[in-house]
Amino acid sequence: MEPATATAAAAPPVPALKDELDIVIPTIRNLDFLEMWRPFFQPYHLIIVQDGDPTRTIKVPEGFDYELYNRNDINRILGPKASCISFKDSACRCFGYMVSKKKYIYTIDDDCFVAKDPAGKPINALEQHIKNLLSASTPFFFNTLYDPFREGADFVRGYPFSLREGVPTAVSHGLWLNIPDYDAPTQLVKPLERNTRYVDAVLTIPKGTLFPMCGMNLAFDRELIGPAMYFGLMGDGQPIGRYDDMWAGWCTKVICDHLGLGVKTGLPYIFHSKASNPFVNLKKEYKGIFWQEEIIPFFQQAVLPKDCTTVQKCYIELAKQVKEKLSKVDPYFDKLADAMVTWIEAWDELNSSGATAPNGKA
């Protein structure tokens, strides 16, 4: 009989948060890119949100545990409230956040491949996101060695001991090598620019500071901040696109600041393989480029009442303020504010204690 230690040593390690994390992928194409991610993603459950033609068959490589939703499924599950989920835009991914039953979410775009660190080793982006989410954030006082909870780092001299415990991390925002996440005007003037700079750092975004959130390499604690991760009304039938993740990021950061939660950015990197067409992007973005000059000051000045003690209450309050203050910018924001409320109503319906899963199982 083999000693128990020998048997244990031979057993492969259980991937971190294997039963507590879903990977959400929006797509319009076959998911061949998953082959590259197989060593890292295969143990986890995938939620695939198919955009575009719902009659088209999306092929997923064998061996992955997944569920796939198309527009018909979204309409069936949400009924009239399906109007809050964008169509023909990567914002459709937030439906996956809503139907997940896991504590954590990692979302990635289908043109993102495994990056390599400066030593040439493949980067397990999901593993680093998990490390970020499971360690505390420090939004109230900046540590000049960046994340003090990383191995080999600590709080520097002069950092208040009363703040060293940190706060729960709600969001882990990863970065990209190769194709940077630029807007269309920057793409047009820098068509050949590629990001080759790997910065080995993670930092907490300070309280009161907004940031441009990119949804292509993003993880978050669904239980802490999920209802705020609404990617807005974008794409088909809307006057704007490519601001879906930005909108979610601004709303999320205001709510995290109010509730005392943290947002980290930096590692991990993925390899962003394909630059989208800057002329197509400009058509989607051009109103947002004007509008953001009023949207950002709105979020910078937004104050949530003390009785907003849950993410849902905070989000409904933000929707109210959007309607009051941004509708003058464009009638679109009136419609967006209504969709924000619909989103929360749909979220609560699918995530109440007695709710059944979309497949009909409790």
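Structure shown above.
A brief look at the structure comes next. From a predicted model like this one, the values you see are computed outputs, not experimental measurements.

About the criteria used
Residues numbered from 1 in each chain as written. Predicted model: local features only at pLDDT ≥ 70, side-chain atom pairs only at ≥ 80, totals over all residues. Heavy atoms only, no water. Phe/Tyr/Trp six-rings, centres within 6.5 Å; stacked < 30°, edge-to-face > 60°. Buried < 20%, exposed > 50% of the residue type's maximum accessible area, 1.4 Å probe, protein only. Lys NZ or Arg CZ within 6 Å of the ring centre and 35° of its normal. Axes fitted to C-alpha atoms, helices over the stretch in contact; angles between N-to-C directions. Helix = DSSP H or I, 4+ residues; strand = E, 2+ residues; numbered from the N terminus. Parallel < 35°, antiparallel > 145°, perpendicular 65-115°, else oblique. Left-handed = near helix turned anticlockwise from the far one by under 90°. Contact = heavy atoms within 4.5 Å. Disulfide = S-S within 2.5 Å. Salt bridge = Lys/Arg side-chain N within 4 Å of Asp/Glu carboxyl O. Polar contact = N/O pair within 3.5 Å; in protein donor to acceptor, adjacent residues only side chain to side chain. Pairing = 2+ DSSP bridges. 1 Å grid on protein atoms, 1.4 Å probe; cavity = no way out; pocket = protein on both sides within 12 Å on 5 of 7 lines; lining within 4 Å. Points joined across faces, edges and corners; volume = space filled by probe spheres on them. Nonpolar A, V, L, I, M, F, W, Y, C, P; charged D, E, K, R; others polar.

## Side note on the packing of aromatic side chains
Then step 1. Overall, the coordinates contain 21 aromatic pairs when judged by the stated rule.
Then step 2. Summarising the aromatic geometry, the rings of F142 and Y146 are spaced 6.3 Å apart at their centres and angled 85° between planes, so their arrangement reads as edge-to-face.
Then step 3. Under the relative-accessibility criterion, F142 is labelled partly exposed at 39%.
Then step 4. Across from the ring centre of F161, 3.8 Å away, lies the NZ or CZ of R164, which sits over that ring.

## Considering the packing of helix α10 (residues 311–325) against helix α11 (residues 332–351)
Then step 1. Axis separation between α10 and α11 bottoms out at 8 Å; the angle between their running directions is 165°. By the angle between their axes, α10 is roughly antiparallel relative to α11. Here the hand of the crossing between α10 and α11 comes out left-handed. Listed contacts from α11 to Q312, Y315, I316, L318, A319, V322 and K323 of α10 are F333, D334, A337, D338, M340, V341, W343, I344, W347 and D348.

## Focus on the state of the cysteines
Then step 1. Evaluated as defined, the whole model comprises zero disulfides.
Then step 2. C84 forms no disulfide, and the closest cysteine sulfur to it belongs to C94, at a distance of 6.9 Å.
Then step 3. You can see C256 has no disulfide; the closest cysteine sulfur is in C314, sitting 9.6 Å from it.

## Overview of the pattern of salt bridges
Then step 1. Scanning the entire structure with this criterion turns up 17 salt bridges.
Then step 2. In this structure, the salt-bridge partner of D22 is K102, at a minimum N-O distance of 3.0 Å. Placement of the pair is D22 in strand β1 (residues 21–27) and K102 in the loop between α4 (94–99) and β4 (104–108), with a sequence separation of 80 residues.
Then step 3. The class of D22 is buried, set by a relative accessible area of 2%.
Then step 4. A salt bridge links D73 to R76, with the shortest nitrogen-to-oxygen separation between them at 3.3 Å. A residue pair is termed a helical-turn pair when its members lie 3 or 4 positions apart in one helix, as D73 and R76 do in helix α3 (residues 71–78) at three residues.
Then step 5. Where salt bridges share partners, they join K103, D221 and E223 into one cluster.

## Some remarks on the side chain of R93
Then step 1. Residue placement: R93 occurs in the loop between α3 and α4.
Then step 2. Polar contacts involving the side chain of R93 include one to the side chain of T107, which spans 2.9 Å.
Then step 3. What R93 contacts, discounting residues up to four positions off in sequence, is V24, P26, V49, T107, I108, D109, G215, M216 and F231.

## Focus on the environment of P268
Then step 1. Within the secondary structure, P268 sits in strand β9 (residues 262–272).
Then step 2. In this structure P268 comes out as buried when scored by relative accessible area, which is 1%.
Then step 3. Distance in space between the C-alpha atoms of P268 and L175 is 6.2 Å, their sequence separation being 93 residues.
Then step 4. When neighbours within four sequence positions are excluded, P268 is seen to be in contact with I123, A125, Q128, H129, N132, G174, L175 and N217.

## Some words on the pairing of β4
Then step 1. Extensive coverage of β4 is indicated by the burial of five of its five residues.
Then step 2. The two faces of β4 match: Y104, Y106 and I108 on one face and I105 and T107 on the other face are all buried.
Then step 3. Taken together, the four bridges between β1 and β4 define a ladder with parallel strand orientation. When the bridges of β4 are listed, I23 appears paired with Y106.
Then step 4. Sheet analysis places β4 next to strand β8 (residues 217–221), joined by five bridges and oriented antiparallel. For I108, the partnering residue across the bridge sits in β8 and is N217.

## Here we look at empty space enclosed by the protein
Then step 1. Within this structure, the stated rule accounts for two cavities of 30 Å³ or more.
Then step 2. What the largest cavity holds in volume is close to 50 Å³.
Then step 3. In this structure, the largest cavity is lined by M234, I240, Y243, W247, W250, I295, Y332, F333 and L336.
Then step 4. Contributions of two or more residues to the lining of the largest cavity are made by α8 (244–259) and α11.
Then step 5. Counting residues per element, the lining of the largest cavity draws most heavily on α11, at three residues.
Then step 6. Tallied by class, residues from the lining of the largest cavity come to nine nonpolar, no polar and no charged.
Then step 7. Its boundaries defined by the atoms lining it, the second largest cavity holds a volume of some 30 Å³.

## What about the side chain of S86?
Then step 1. Looking at where S86 falls in the secondary structure, it is placed in the loop between α3 and α4.
Then step 2. A distance of 2.8 Å separates a polar atom in the side chain of S86 from the backbone nitrogen of M234.
Then step 3. Those residues in contact with S86 that sit more than four places away from it in its chain are R71, A91, C92, G232, L233 and M234.

The values reported here are purely geometric and, on their own, carry no functional implication.
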